[in-house]
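# A look at the structure
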Amino acid sequence: MSGTLCAVVLAAGYGQRLRPLTLQRPKALCPVGNVPLLGRMLDRLAALGLRGPAQVAVNASWLADQVVAYVGDRATTSVEGDPPLGTAGALVRLRDWVDGRDVLVANADAYLVGDVAPLLADWDRDHVRLLGVPAPPGTVDAFSGYRFAGLSLLPWRWLRRLRPGAAELVREVWRPAEAAGELRVVPFDGYFRDTGTPADYLAANLHAAGGGNLVAAGATVTGTCRQAVVGAGAVVHGSLTRAVVWPGARVDRSEHLVDAVRALHGVTVTVGR
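### Focus: the overall build of the protein chain
If you tally the helices and strands in the protein chain, you get seven helices and 19 strands. By the compact-globule yardstick of 19 Å for 273 residues, the protein chain fits well, its C-alpha radius of gyration being 19 Å. In terms of principal-axis extent, the alpha carbons of the protein chain reach across some 60 × 40 × 30 Å. Across the 273 residues in the protein chain, those meeting the buried criterion constitute 51%.

What follows is the structure, given as structure tokens:
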């Protein structure tokens, strides 16, 4: 299927719910388990046989220069203006690059651990597919009892009919396909977090640490860590409990971070429990 399929990673959002963290980095480059979210998704696509600028594109808008620099030659980059074009508008802008292929659309901020290959298995290239996890009762944005889990398959015929301009896939493709009986949800039995909020971002990091500590090479830690993720070049003289310290950030001896994320220049987001 690789010859008829390409991938687009959506990485253009403002990440407003993660501010002030996303005033320093776009959400797609916020690290989870000391790896930028975008890097995790590019690695996942490569494992599916989709790699390089001919097969993978990444859109960018907020702090786009950081995204472009990080992607390098791993993918084609599509830099949008401000504001971003939305999930559907981004695909329309890349329509000439897609050039008749079907598209695996991936949210850069989706943290997934597990096998996503079932999403592609036995696909008829006609129905729209969503990867999904069970939705709690009453979830407004559910599809057949499932929440979207960060990956979808879009047949070329659906992309071809989209109009230029800012728009979202949920309104332009997913709901119309659902109404037409052309939407299929593929259950995901792994671990999924949409990292859009500080609580979910912290939870994804703690999951990546496996319930213990994950300290990058080059970090300096003289304090105590209990369920912590510490990035390269970080300095931790204080104590951490269920906390994340970004690469190059610092925690002084007098500080005790609990349920928190420390970014550069002392910027800290605390998650209420």
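### Concerning the nonpolar core
Within the largest apolar cluster, 35 residues are counted, with the highest numbers of intra-cluster contacts made by Val9, Leu38, Val58, Leu104 and Leu131. Contributions of two or more residues to this core are made by strand E1 (5–10), helix H1 (37–47), strand E4 (56–60), helix H2 (64–71), strand E6 (102–107), strand E7 (110–113), strand E8 (128–134) and strand E9 (146–154). Broken down by element, this core gets its largest block of residues, four residues, from H1. Leave out the neighbours within four places in its chain, and Leu131 touches Leu112, Val116, Leu119, Arg147, Phe148, Ala149, Leu151, Val186 and Phe188. The next biggest cluster of nonpolar side chains, apart from the first, holds 30 residues, and it includes Leu206, Ala228, Val230 and Val261.

### Considerations on the side chain of Arg44
Mapping Arg44 onto the fold places it in helix H1. Of the buried charged residues, Arg44 lacks a salt bridge, with Asp115 as the closest side chain of opposite charge at 6.2 Å. Excluding its chain neighbours within four sequence positions, the residues that come into contact with Arg44 are Leu112, Val113, Gly114 and Val116.

### Overview of H1
Counting buried residues along H1, eight of its 11 residues qualify, which places the element largely inside the surrounding structure. Looking one or two residues past H1, Gly49 carries a phi angle of roughly 90°, positive in sign.

### Focus: the pattern of salt bridges
One pass over the full model with this rule turns up 11 salt bridges. A salt bridge links Arg74 to Asp43; the shortest N-O distance between them is 2.8 Å. Here Asp43 lies in helix H1 and Arg74 lies in the loop between H2 and strand E5 (76–79), a separation of 31 residues in the sequence. A residue is classified by how much of its surface remains accessible, and Asp43, at 45% relative accessible area, is partly exposed. The partner of Asp126 in a salt bridge is Arg157, with the nearest N and O atoms 2.9 Å apart. Note that Asp126 is positioned in the loop between E7 and E8 and Arg157 in helix H5 (residues 156–160), a separation of 31 residues in sequence. Judged by relative accessible area, which is 33%, Asp126 ranks as partly exposed. By sharing partners, the salt bridges in this structure join Asp126, Arg157 and Glu182 into a single network.

### Quick look at the pairing of E4
Here E4 lies mainly inside the structure; five of its five residues are buried. Neither face of E4 is exposed, since Val56, Val58 and Ala60 on one face and Ala57 and Asn59 on the opposite face are all buried. Inspection of the sheet shows E1 paired to E4 by four bridges, in the parallel sense. Within E4, the residue paired with Val9 across the bridge is Val58. For the segment spanning E4, H2 and E5, crossover handedness is right-handed.

### A look at the layout of surface pockets
Looking at the largest pocket, its volume works out to about 1100 Å³. Looking at the lining of the largest pocket, the elements with two or more residues in it are helix H3 (86–93), E6, E9, helix H6 (169–179) and strand E11 (191–194). For the lining of the largest pocket, the class distribution of residues is 19 nonpolar, 11 polar and 10 charged.

### Here we look at the packing of aromatic side chains
Inspection of the entire model under this criterion finds four aromatic pairs. Ring centres 5.8 Å apart and planes at 75° place the aromatic pair Tyr111 and Tyr191 in the edge-to-face group. Here Tyr111, found in strand E7, pairs with Tyr191, found in strand E11; they are 80 residues apart in sequence, far enough to count as distant. Taking the ring centre of Trp246 as reference, the NZ or CZ of Arg25 above it sits at 5.2 Å. Above the ring of Trp158, the side-chain terminus of Arg161 is found at 4.3 Å from the ring centroid.

### Some remarks on the environment of Gly132
Locating Gly132 in the fold gives a position in strand E8. Using a relative accessible area of 1% as the deciding quantity, one classes Gly132 as buried. Residues Gly132 and Gly145 lie 13 residues apart in sequence; the distance between their C-alpha atoms is 8.9 Å. Those residues in contact with Gly132 that lie beyond four places of it in its chain are Tyr146, Arg147, Ala149, Val185, Val186, Pro187 and Phe188.

The rules behind the values
- Residues numbered from 1 in each chain as written.
- Predicted model: local features only at pLDDT ≥ 70, side-chain atom pairs only at ≥ 80, totals over all residues.
- Heavy atoms only, no water.
- Helix = DSSP H or I, 4+ residues; strand = E, 2+ residues; numbered from the N terminus.
- Rg over C-alpha atoms; globule rule 2.2 N^0.38 Å.
- Buried < 20%, exposed > 50% of the residue type's maximum accessible area, 1.4 Å probe, protein only.
- Core = buried A, V, L, I, M, F, W, Y, C linked by side-chain atoms within 4.5 Å.
- Contact = heavy atoms within 4.5 Å.
- Lys, Arg positive; Asp, Glu negative; His and termini not counted.
- Salt bridge = Lys/Arg side-chain N within 4 Å of Asp/Glu carboxyl O.
- Pairing = 2+ DSSP bridges.
- Right-handed = clockwise from strand over helix to strand, strands pointing away.
- 1 Å grid on protein atoms, 1.4 Å probe; cavity = no way out; pocket = protein on both sides within 12 Å on 5 of 7 lines; lining within 4 Å.
- Points joined across faces, edges and corners; volume = space filled by probe spheres on them.
- Nonpolar A, V, L, I, M, F, W, Y, C, P; charged D, E, K, R; others polar.
- Phe/Tyr/Trp six-rings, centres within 6.5 Å; stacked < 30°, edge-to-face > 60°.
- Lys NZ or Arg CZ within 6 Å of the ring centre and 35° of its normal.

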